[in-house]
Amino acid sequence: PNFAQDKTLYLGTEQEGVWQSKDEGKTFIPLNAANSPVNIQDIVPLTNQETTSLFVSDRDRGVFFSNDNGKNWTKSSQGLTKDVQADQKNFQRPHFSDLEISADFKQDGTLFVTGFDGLFKSTNKGQNWQEVDAFTRSIIGLVVSPDFVNDSTVAVLNYVGEAYISRDGGETWQPMYKGLELPSFTRKFTPPNIEPRRFFQMAISPNYSEDKTIFATVLWTKFLTYTDRSQRWLISSPPQEARSMAIAVSPNFARDKTIYLAAQKGVIFKSTDGGKSFAVVGKIDRMKANESPSLVISPNFARDGTLYVTGGKGIYKTVDRGKTWQVTTSNTPLQERFNLKLAISPNYPSDGTVMVSTDRGLFITKDSGNSWQQINNNAFDKDSMLTGVAISPNYSEDKTYFISVRGKGLFKTTDDGVTFYEVGNDSVNLALLNNFESSSIPIQFSPNYDRDSTIFGIGSASSEIHKSTDGGGTWSTIAIPQAEIFQQYTKEQYDLKTSLRLFWYVYQSLILKIIAALVTAVISYFLLGWINLDKKLPLGKMTLQMGGSLSVLIVSAIVLFL
């Protein structure tokens, strides 16, 4: 902080802790006293009257503090938590990284540190830390009813464990909580190391006006189905472990009950019974890094059997309902792009149009994937990072679609991409939070856009969505307050009926084995009495029955529980 006077700077290293220079960086000395931090991610120096205090974050060990210019160090990490995912092969991320300190630190003692497991705050100069709920309630999925003009239904998922539905266009919200209890996913009452209720994507039945069905995917190979009839999320599991699963529901779902899932590792699953069971139907190259796939289905799927999905080599296509897949982006820039999000034209059978937003620009095919061209425009740099693209349901007539550009805002075209213009304002940034695993598209049209000009979007670190009723010109922000029932579920506090159901679900196998052993023993008791063994053996009838049935009970228990 006093560099102009003392010429001092600090350097954090990956393996040798903090180093100090007092001559503008010409020479350095290590500040590696006992218990010093090693793998430095951030340094915050504070100048006192005579010495400099240092706060540093260590990749794996948390926060350290020195009040004597690095001669001695104190670990200041009480309350900080870690997540085992950070060390997994496909992540390899720091447990702790950025430090920020209050401008009034000497008075309020406040500082923050980011962690893989969350954001942490201290108000006593690092002596204790508490987690700040920075993203767990961020909206990660949003769907609009195909019959929105009549039912005004919108549903959302947040990042961890909450789902809500609105039947008045977002004015009021009801929790969709049944079935989301932690033991429903783990079959245990003990807390897991990793939260299993991290959502990836949400989808809605094309026949929602009749079946009132909503779908979701969640961490570790779980597919969820919610209907108004059951008022509960029902859980099924594809046959192979998979994460970050994208969903595509057949437009003809009312008759064929077909759903596709695309997983991060490139496995394609298919269900023909409405999501009750799945089978592996195809395989493509796995996604790059820790990205999520994007999956879209042809509006004329019943006839053309066409789907598109993103994978390790760009964009893949099937025309035989997922049995075989061909790369459509060979020898194109799309092979090297990241953050691919697909949108398929509602008139695909006639116009062959599919769009894909990427980390460097927008691309389009108008010949069913045979060729791809980058869309150059007048409103933003062609290499800008895009976070989503959405096509108007009335695209054949209005030639309208929206793209969201990170750091620049929301753009709209009404001439099929010839020109773009910015809509909304700086407070509306429609994008998934960076590095979140999700296949969701942050821009969602009302299916009746030609009549109601309504669009919904997500893109906030808090639990809220955005809504426009004038084609994106102006936006309102709708907060979704946490329902009390979810606060109870977070603390695993359930009503009696739910507790009994979960007890049966968790211990069902054990209970059935105990019942089987008891039934076998009871049957043996009466059987021993019926065959009159007491006349052949020097034992009383009651002794023989009791001893025999007890022996059968023990043997049955051993056989069943081994």
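This is a predicted model, so every value here is computed, not measured.

Caption draft 1: Structural context of the side chain of S236. As for its placement among the helices and strands, S236 is situated in strand β19 (residues 232–236). Reaching out from S236, the side chain makes a polar contact with the backbone oxygen of G275 at a distance of 2.7 Å. If we ignore the near neighbours within four places in the chain, the residues touching S236 are T221, K222, F223, G275, K276 and F278.

Caption draft 2: Structural detail: the pairing of strand β38 (residues 464–468). Most of β38 sits out of view: four of its five residues are buried. As paired elements, strand β37 (residues 455–457) and β38 share three bridges and run antiparallel to each other. Bridged to G457 within β38 is H466. Sheet topology note: the β38/strand β39 (residues 476–479) ladder contains four bridges and is antiparallel. Residue pairing across strands places I465 opposite I478, the latter belonging to β39.

Caption draft 3: Just a nonpolar patch on the surface, in detail. A contiguous nonpolar surface patch, about 600 Å² in accessible area, is contributed by F189, F503, Y507, L510, I514, L518 and F561. Examining the composition of the nonpolar patch, we find that five residues originate from one element, helix α12 (residues 496–530), more than from any other. Along the chain, the position of L510 falls in helix α12.

Caption draft 4: Geometry of unusual backbone geometry. At S244, a position not held by glycine, the phi torsion is positive, near 55°. On the basis of relative accessible area, S244 is assigned to the buried category, the value being 0%. Although it is not a glycine, N331 sits at a positive phi angle of roughly 60°.

Caption draft 5: Spotlight on the side chain of S205. Tracing the backbone through its elements, the reader meets S205 in the loop between β16 (199–204) and α5 (208–211). A distance of 2.9 Å separates a polar side-chain atom of S205 from the backbone nitrogen of N207. Looking at S205, its side chain comes within polar contact range of the side chain of D211, at 2.7 Å. Among residues more than four places away in sequence, those in contact with S205 are P146, D211, T213, F215 and F253.

Caption draft 6: A look at the sheet that holds strand β26 (residues 314–318). Spatially, four strands are ordered β24-β25-β26-β27 in an open sheet, and the strand pairing comes out antiparallel. Of all the strands in the sheet, the pair left with one neighbour each is β24 (295–297) and β27 (326–327). Strand direction decides the pairing type here: β24 and strand β25 (residues 307–311), joined by three bridges, are antiparallel. Each residue of the ladder has a partner; that of L295, found in β25, is V309.

Caption draft 7: Inspection of the packing of aromatic side chains at higher detail. Throughout the structure, instances matching the rule amount to 16 aromatic pairs. On the basis of an interplanar angle of 65° and a centroid distance of 5.4 Å, the ring pair of Y164 and F486 is categorised as edge-to-face. Pair noted here: Y164 is in strand β14 (residues 163–166) and F486 is in helix α11 (residues 484–490), with a separation of 322 residues, a long-range link. Using a relative accessible area of 3% as the deciding quantity, one classes Y164 as buried. On the basis of relative accessibility, which here comes to 2%, the residue F486 falls in the buried class. Ring geometry for F445 and Y449: centres 4.8 Å apart, planes at 85°, overall edge-to-face.

Caption draft 8: Region of the structure containing the pattern of salt bridges. Inspection of every chain in the model, using the stated rule, returns 11 salt bridges. For K7, the salt bridge is made with E24, and the minimal N-O distance between the two is 3.9 Å. Residue K7 is found in the loop between α1 (3–6) and β1 (9–12), and its partner E24 is found in the loop between β2 (18–21) and β3 (29–30); the two are separated by 17 residues along the sequence. A relative accessible area of 32% means that K7 is categorised as partly exposed. The residue E195 makes a salt bridge to R197 at a minimum N-O spacing of 2.7 Å. Among the charged side chains, a network of salt bridges with common partners joins K7, E24 and K26.

Caption draft 9: Looking closely at the nonpolar core. Residues I214, W233 and I465 are the most contacted members of the largest nonpolar core, which totals 43 residues. Among the secondary structure elements, those contributing two or more residues to this core are β12 (139–144), β13 (154–158), β14, α4 (182–186), β16, β17 (213–218), β18 (222–227) and α11. Per element, the largest residue contribution to this core is five residues, and it comes from β12. Residues in contact with I465, not counting those within four places in the same chain, are I139, L142, V156, W173, F456, G457, I458, S476, T477, I478 and I480. Judged by nonpolar contacts, the second largest core, of 15 residues, contains F380, L386, Y395 and I403.

Caption draft 10: Up close: the confidence of the model for the protein chain. Within the protein chain, residue pLDDT values average 90, and 97% of them lie at 70 or more. By mean pLDDT, the top-scoring element of the protein chain is β24 (98), and the lowest-scoring one is helix α13 (residues 541–561) (78).

Analysis parameters
Residues numbered from 1 in each chain as written. Predicted model: local features only at pLDDT ≥ 70, side-chain atom pairs only at ≥ 80, totals over all residues. Heavy atoms only, no water. Helix = DSSP H or I, 4+ residues; strand = E, 2+ residues; numbered from the N terminus. Polar contact = N/O pair within 3.5 Å; in protein donor to acceptor, adjacent residues only side chain to side chain. Contact = heavy atoms within 4.5 Å. Buried < 20%, exposed > 50% of the residue type's maximum accessible area, 1.4 Å probe, protein only. Pairing = 2+ DSSP bridges. Patch = residues over 30% accessible without salt bridge, like charges linked within 9 Å, V, L, I, M, F, W, Y side chains within 5 Å. Areas by Shrake-Rupley, 256 points an atom, 1.4 Å probe, with all protein chains shown as cover. Salt bridge = Lys/Arg side-chain N within 4 Å of Asp/Glu carboxyl O. Phe/Tyr/Trp six-rings, centres within 6.5 Å; stacked < 30°, edge-to-face > 60°. Core = buried A, V, L, I, M, F, W, Y, C linked by side-chain atoms within 4.5 Å. pLDDT = per-residue confidence, 0-100.

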